[in-house]
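# Structural overview
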Amino acid sequence: MKGTTLTVDSMAKDWIDTWPKDSTVTLAHLMGFTTGWKTLELDPANPASTHCARKGKGKKGSKSWEKCVEELSNFELGFVPGEHFAYGPWHLVIAAAMAHKAAGKPLTTASWLESVKTHVYLPSGITAEPRFEGIEFDMPTWMVGPSQNEFPDFSGGATMSATQWQKIMAALSTGKLL
């Protein structure tokens, strides 16, 4: 429930207002790619299926994180959560939204980058600004740009040096993160 601590057992429906109320999907299912979605494909015939679409793929939509979450909330479950693995980026869009809502943050690019800086970079000793850059191969990703109408690819796209990566791993192993 809102106002409580987010755990791996937290249910998506308790954090995402548009999530089906009879759903049993948890943060653990989302992080493990076992949400139970029947498909991870956006419906190209659906004009509303534009909020999660990759930039530059002929889609015209807001590319809003909040709207993408709403769109993903309507994905049909074809499997019991936890019983079917399906790799894809959409699970992490919802997981990131749950974490951001638990922290009382808006679902915006600026807010996400500030969270990465505050809760990952600075405790790891990294003073640079977080960067998320695009992936140019054909998969449903999106890019962080200067527009607040786009949002990071939570499944990839973070750009950092080997030294920055090492600092994050060191912070994790010494208990400075999580």
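### Observations concerning the confidence of the model for the protein
Here the protein averages 79 in pLDDT, and 75% of its residues register 70 or above. Predicted confidence in the protein is weakest over strand β1 (residues 131-132), with a mean pLDDT of 76, and strongest over helix α2 (residues 27-31), with 96.

### Remarks on the nonpolar core
W65, L72, W90 and I94 are the most contacted members of the largest nonpolar core, which has 35 residues in total. Those elements that place two or more of their residues in this core are α1 (12-15), α2, α3 (65-73), α4 (90-102), α5 (109-121) and α6 (162-173). Sorting elements by how many residues they give to this core places α4 first, with eight residues. When sequence neighbours within four positions are dropped, the list of residues in contact with I94 reads A12, I16, W19, L30, W37, V69 and L72.

### Description of the pattern of salt bridges
This model, assessed by the stated rule, comprises three salt bridges. Residues K38 and E76 are paired through a salt bridge, measuring 3.8 Å at the closest nitrogen-oxygen approach. Residue K38 is found in the loop between α2 and α3, and its partner E76 is found in the loop between α3 and α4; the two are separated by 38 residues along the sequence. The pair K38 / E76 is uniform in exposure class, with both members exposed. We note a salt bridge from E66 to K101, for which the minimum N-O separation is 3.7 Å. Highlighted residues: E66 in helix α3 and K101 in helix α4, separated in sequence by 35 residues. The class of E66 is partly exposed, set by a relative accessible area of 38%.

Rules behind the numbers
Residues numbered from 1 in each chain as written. Predicted model: local features only at pLDDT ≥ 70, side-chain atom pairs only at ≥ 80, totals over all residues. Heavy atoms only, no water. pLDDT = per-residue confidence, 0-100. Helix = DSSP H or I, 4+ residues; strand = E, 2+ residues; numbered from the N terminus. Core = buried A, V, L, I, M, F, W, Y, C linked by side-chain atoms within 4.5 Å. Buried < 20%, exposed > 50% of the residue type's maximum accessible area, 1.4 Å probe, protein only. Contact = heavy atoms within 4.5 Å. Salt bridge = Lys/Arg side-chain N within 4 Å of Asp/Glu carboxyl O.

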